[in-house]
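# Structural features, examined
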Amino acid sequence: MQQSPFGETRTRVEFNHALVAEDGHVVSPLVGWNNAEGVVLISPAMSHGAATPRFVQYLVNGSEACTTTGADAPIERLVYVLEGDANLDGETLPADSFAWFSPGDSYTLKLPAGARALVFEKNYEPLDGHNTPERVVGTLATAPKDPFLGDPEAMLATLLPVEPSFDMAVNVFEYTPGTTLPFVETHVMEHGLYMRSGQGVYRLGDCWYPVQQGDTIWMASYCPQWFVAMGKESASYIYYKDIHRPLLTNPAS
Ligand code: UGY
Ligand code: MN
């Protein structure tokens, strides 16, 4: 990767949002994985005062012996294959497929050399009257997709069932160039976002950031947010949000 000769980067870590550009990635071993190296993009350690992420987002770079047999309860985990083929209990998980694992689920997931995955984890919060969901395996291509607030230039795919038993959502947004989030959103849910393709400008709080493929964004609860896709190709990002939980026992719902 081209490095800045003057120590410049687009990376910013603010009290209620962060932009982590690829040029700042530092690879480290990953807890919960064997023989794995990756980059922890968002974690509670990111807190700079008031707001603290309530989830973890990281990249895993595959290698010959890279495996995981699951995360300890109460951690739920969604693994999205960005590149190459992963293997889950003997079945291929190709690029742009994913698996969501309920807390304590055990399995063998291999991520060979050349494959890369994005992972979201949080502590699952049970909900009275609802069973903890079973494992979900799927693909972006077959996920439900709808125009966002009626705009067919902003298509939103929902990877997980939208049901109260799930306390997280992971969605994939795709915008044609020139398309925007229709208004500046300000909401209780927090987001972890990874740019899959394209470029644009993200408004986070009172700052406007140029963003491109490979960038990560953390948006704390109530961080005002807006996006415009720019350039010649569609811009797409995958993002996490916390949903469906009581407001007074959990700060997000
Ligand atoms: O689901 C969302 O809140 C989404 N519209 N936010 C975003 O893309 N920043
Ligand atoms: Mn939002």
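Now for a quick tour of the structure. No experiment lies behind these values; they were computed from the predicted model shown. (Residues numbered from 1 in each chain as written. Chains lettered and ligands numbered in written order. Predicted model: local features only at pLDDT ≥ 70, side-chain atom pairs only at ≥ 80, totals over all residues. Heavy atoms only, no water.)

Another aspect to go through is the overall build of the protein chain. In terms of regular secondary structure, the protein chain is built from 0 helices and 22 strands. For a compact globule of 253 residues, the expected C-alpha radius of gyration is about 18 Å, and the protein chain comes in at 18 Å, within 12% of that figure. Judged by the C-alpha coordinates and their principal axes, the protein chain covers about 45 × 40 × 40 Å. Restricting to contacts in the protein chain with at least 6 residues of sequence separation, those with at least 24 account for 67%. Between the mean site of the 14 positive side-chain charges and the mean site of the 30 negative ones, the protein chain shows a separation of 2 Å. (Helix = DSSP H or I, 4+ residues; strand = E, 2+ residues; numbered from the N terminus. Rg over C-alpha atoms; globule rule 2.2 N^0.38 Å. Contact = heavy atoms within 4.5 Å. Lys, Arg positive; Asp, Glu negative; His and termini not counted. Charge placed at Lys NZ, Arg CZ, Asp CG, Glu CD.)

Right, let's get into the packing of aromatic side chains. Tallied over the full model, the rule gives 14 aromatic pairs. Between Phe-173 and Tyr-237 the ring centres are 5.6 Å apart and the planes differ by 65°, which places this aromatic pair in the edge-to-face class. Of this pair, Phe-173 sits in strand 16 (residues 168–175) while Tyr-237 sits in strand 22 (residues 235–242), and the two are 64 residues apart along the sequence. When its relative accessible area of 2% is taken as the criterion, Phe-173 is described as buried. Aromatic pair Phe-173 and Tyr-239: ring centres 6.1 Å apart, planes at 20°, arrangement stacked. With a gap of 66 residues between them, Phe-173 in strand 16 and Tyr-239 in strand 22 connect regions that are remote in the sequence. In this pair, the class of Phe-173 matches that of Tyr-239, namely buried. These aromatic residues form a ring-pair network of at least three members: Phe-148, Phe-173, Tyr-175, Tyr-202, Phe-227, Tyr-237 and Tyr-239. (Phe/Tyr/Trp six-rings, centres within 6.5 Å; stacked < 30°, edge-to-face > 60°. Buried < 20%, exposed > 50% of the residue type's maximum accessible area, 1.4 Å probe, protein only.)

Let us look at the pairing of strand 22. Taking burial as the measure, the 8 residues of strand 22 include 8 buried ones, the bulk of the element. What you see with strand 22 is no split at all: Ala-235, Tyr-237, Tyr-239 and Lys-241 on one side and Ser-236, Ile-238, Tyr-240 and Asp-242 on the other are buried throughout. Sheet topology places strand 16 next to strand 22; 8 bridges connect them, and they run antiparallel. Bridge assignment links Glu-174 to a residue of strand 22, and that residue is Ser-236. Strand direction decides the pairing type here: strand 17 (residues 191–197) and strand 22, joined by 6 bridges, are antiparallel. (Pairing = 2+ DSSP bridges.)

Okay, the sheet that holds strand 8 (residues 86–88) next. Note: strands within a sheet are paired through backbone hydrogen bonds, in either parallel or antiparallel orientation. Strands sit in the order 6-11-8-9 across an open sheet of 4 strands; the sheet is antiparallel. The open sheet has two free edges, formed respectively by strand 6 (67–68) and strand 9 (91–93), since each of these has just one partner strand. Bridge count for strand 8 against strand 11 (residues 109–110) is 2 bridges, and the pairing is antiparallel. Across the sheet, residue Asn-87 finds its bridge partner in strand 11, namely Lys-110.

This part is about the pairing of strand 4 (residues 37–42). Where strand 3 (residues 28–29) meets strand 4, 2 bridges bridge the pair, whose relative direction is antiparallel. Note that in strand 4 the partner of Pro-29 across the bridge is Glu-37. Pairing geometry for strand 4 and strand 5 (residues 56–61), over 5 bridges, is antiparallel. Paired with Ile-42 across the bridge in strand 5 is Gln-57.

All chains considered together, the criterion is met by 12 salt bridges. In this structure, Asp-96 and Arg-196 form a salt bridge, with 3.0 Å as the shortest nitrogen-oxygen distance. Here Arg-196 lies in strand 17 and Asp-96 lies in the loop between strand 9 and strand 10 (97–101), a separation of 100 residues in the sequence. For Asp-96, a relative accessible area of 27% puts it in the partly exposed group. One salt bridge in this structure joins Asp-167 and Lys-122, with 2.7 Å as the shortest N-O distance. Taken together, the residues Asp-167 in the loop between strand 15 (151–158) and strand 16 and Lys-122 in strand 12 (residues 116–123) connect sequence positions 45 residues apart. The class of Asp-167 is buried, set by a relative accessible area of 1%. The class of Lys-122 is buried, set by a relative accessible area of 6%. Among the charged side chains, a salt-bridge network with shared partners connects Glu-76, Lys-122, Glu-125 and Asp-167. (Salt bridge = Lys/Arg side-chain N within 4 Å of Asp/Glu carboxyl O.)

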